[in-house]
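Residue-level structure breakdown
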Amino acid sequence: MSAEATSAGYLTLIRAVLYREALLFIRYPANAIGGIVVALFFFIVVFYGGQLLAGQALDDSIEGIVIGYFLWTLSAGAYASISNDIGSEVQWGTLERHITTPFGFAPVAFLKGVAKLIRTFVTSTIILGCMLVISGTSLEFAPLTTIIVAGLSVSSVLGVGFAAGGVTVLYKRIGSWLGLLQFGFVGLVSAPVLAVPSLRYLPLAHGSAMLQQVMRDGTRLWEFSPGAVGLLIAVAVGYLGGGYLIFELTTQRARKLGVLGDY
Amino acid sequence: MIECVLILMQSQSASAQTALSVTALSKQFGRGETAIQAVDDVSFEIHPGEIVGLLGPNGAGKTTLIKSILGTVIPDEGGVNIYGHSVADAPRQAYADVDVLFEGARNDYWRLTVRENLRYFATISGVHPDSVTKEHDRLLEQFELAAEADTPVRSLSRGMKQKVSLASVLASGARLLILDEPTLGLDVAATRTLRRELQRLVSDTDRAIILSSHDMSVIESLCNRVLLFVDGDLRADTQVESLLNSSETQHVELTASPIDSATQQRLSSCSQLVEQDDTAVRLRTKATTSTLCETLNHLEMAGASIKSIETTDPDLESVFVELTSDDS
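Before going into details, it helps to say that this report is about the structure given with it. (Residues numbered from 1 in each chain as written. Chains lettered and ligands numbered in written order. Predicted model: local features only at pLDDT ≥ 70, side-chain atom pairs only at ≥ 80, totals over all residues. Heavy atoms only, no water.)

**Some details on the overall build of chain B**
Along chain B, the regular secondary structure elements total twelve helices and 14 strands. The burial tally for chain B puts 50% of its 328 residues in the buried class. Intrachain contacts of chain B at a sequence separation of at least 6 include 69% that bridge at least 24 residues. Looking at chain B as shown, the accessible area adds up to about 15,100 Å², and 48% of this sits on carbon and sulfur atoms. (Helix = DSSP H or I, 4+ residues; strand = E, 2+ residues; numbered from the N terminus. Buried < 20%, exposed > 50% of the residue type's maximum accessible area, 1.4 Å probe, protein only. Contact = heavy atoms within 4.5 Å. Areas by Shrake-Rupley, 256 points an atom, 1.4 Å probe, with all protein chains shown as cover.)

**Some details on the packing of aromatic side chains**
Evaluated as defined, the whole model comprises 16 aromatic pairs over all chains. For the ring pair A:Phe43 and A:Tyr69, a centre distance of 5.6 Å and an interplane angle of 50 degrees mean the geometry is tilted. You can see A:Phe43 sitting in helix α2 (residues 30–54) and its partner A:Tyr69 sitting in helix α3 (residues 56–92), a full 26 residues away along the chain. Accessibility assignment for this pair places A:Phe43 and A:Tyr69 in one class, buried. Judged by centre distance (6.2 Å) and plane angle (35 degrees), the rings of A:Trp72 and A:Phe183 are tilted. You can see A:Trp72 sitting in helix α3 and its partner A:Phe183 sitting in helix α8 (residues 181–189), a full 111 residues away along the chain. Classification of A:Trp72 as buried rests on a relative accessible area of 16%. Judged by relative accessible area, which is 53%, A:Phe183 ranks as exposed. Connected via pairs of aromatic rings, a cluster forms that spans A:Phe43, A:Phe47, A:Tyr48, A:Tyr69, A:Trp72 and A:Phe183. Cation over ring: A:Arg20 sits above B:Tyr120, and NZ or CZ is 5.8 Å from the ring centre. (Phe/Tyr/Trp six-rings, centres within 6.5 Å; stacked < 30°, edge-to-face > 60°. Lys NZ or Arg CZ within 6 Å of the ring centre and 35° of its normal.)

Spatial relationships are all this shows, so hold off on functional conclusions.
This is the structure in structure tokens:
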């Protein structure tokens, strides 16, 4: 280090990574706007198409559809952004540069995950607002409980995103196929956890059921049983940790095969 | 006991003075008949204040060696220590002392501006960006990028992007710099600036630099020492001067009166035509008795008069060609 240079700690790193993500979000809004438009287009098709076909039956379940769709846009956005981001870092050669630093890629990846989560919360909240206006529905919910429950639900999907990103590091071109995985989240969001309790251990499923209660019935976090909250946290931590472990293992394998920087 | 402690202290002091220590490093890709031995049992040390050139033809294993040193390719055998820290066992400590410019990689974020990139990569390299702002400004000035400081990197030319990557690595403060093809896309002025900056870094801050390049003039003018690789094998580890002195490729340049095309044809077996105009022909031959005599015989038979005979010293490029093409 030169005479004038001083060390950067984790706080400086946090500021740098979050600042970079914020800059890109503000400076290049086209992706976010495009995502909002496409999500709303599909919601309009579902809403008006459903009204034509199902009439009153759809009106009765519109709250559930809006909440489910909100959680799906949240999870699909978080998953796609983290897995695509890792793929881009590999393609650009910046992943290798991150790995050969005193911090390593782990804290940067974690901070990127946090940033993507915040970013998708912003876009999904806009989508939620538009859906409520389009469908003429209103929801009464506690914002803090909603953020915590939705955030923990989506954390499990971030883990899946890390795993998919890791597989992309190893097999490169498979990334576009793994993108299709986000459509599978529809099944997880609408999983019948009451009828089949074991489905609660899958990502999103248990969180989605809790979010329905939070946003439709106004249930607060402390009104849930400790077991329900504990399972929500365990699923979030388990999938996030497991996903990151897969990312580490696939990166290690790519380093062994000498294909980390190849694209 | 005291002797053991002294030996331990000596060995620790020696490793502290070694910027990079590579021991019996090997890496093979693939298996069976199609296996490629990219790096074959390579050992060497680099000390602070040294600029070491990494030479070798395409596919010689230079980039694999660099990536194996950094651990982005995990070697099959052998170890790497950077300022006494093992890359395999203590990567974070080892990486605190090294920064790298990867060949062909983008090395930067194109959607960020030049200055944003410099600040971001300073931070992840463990340097507080505010503490190197002056150094960034100075390097941007040196590389004639000051006017582009707030321009997104994607809008810059190929050479300018390379300058941004170089400025980012040079300002990192790492005590060991590894530069893989740093002159790629650089114009003459920028190459000259790079030479000046590298010389300044070594003389002022005693850093160690590994320079892998196909630009022989850069290697010859900057490096004290070269490592020559052929087929993953470290063929030579020597001072540039020793390499030049050991060469057998000293040449003789002859200038004679013009010759016809039939004579040119006959001479092609023993000499190389450099140029011919209305007044003279210039020929180059190897400085061996047989080739020189054969050339002179052909010229005499054609009735050409010899105007001058000069011997020329080999440059690094000709030595490199000699060592890598003969497989000697």
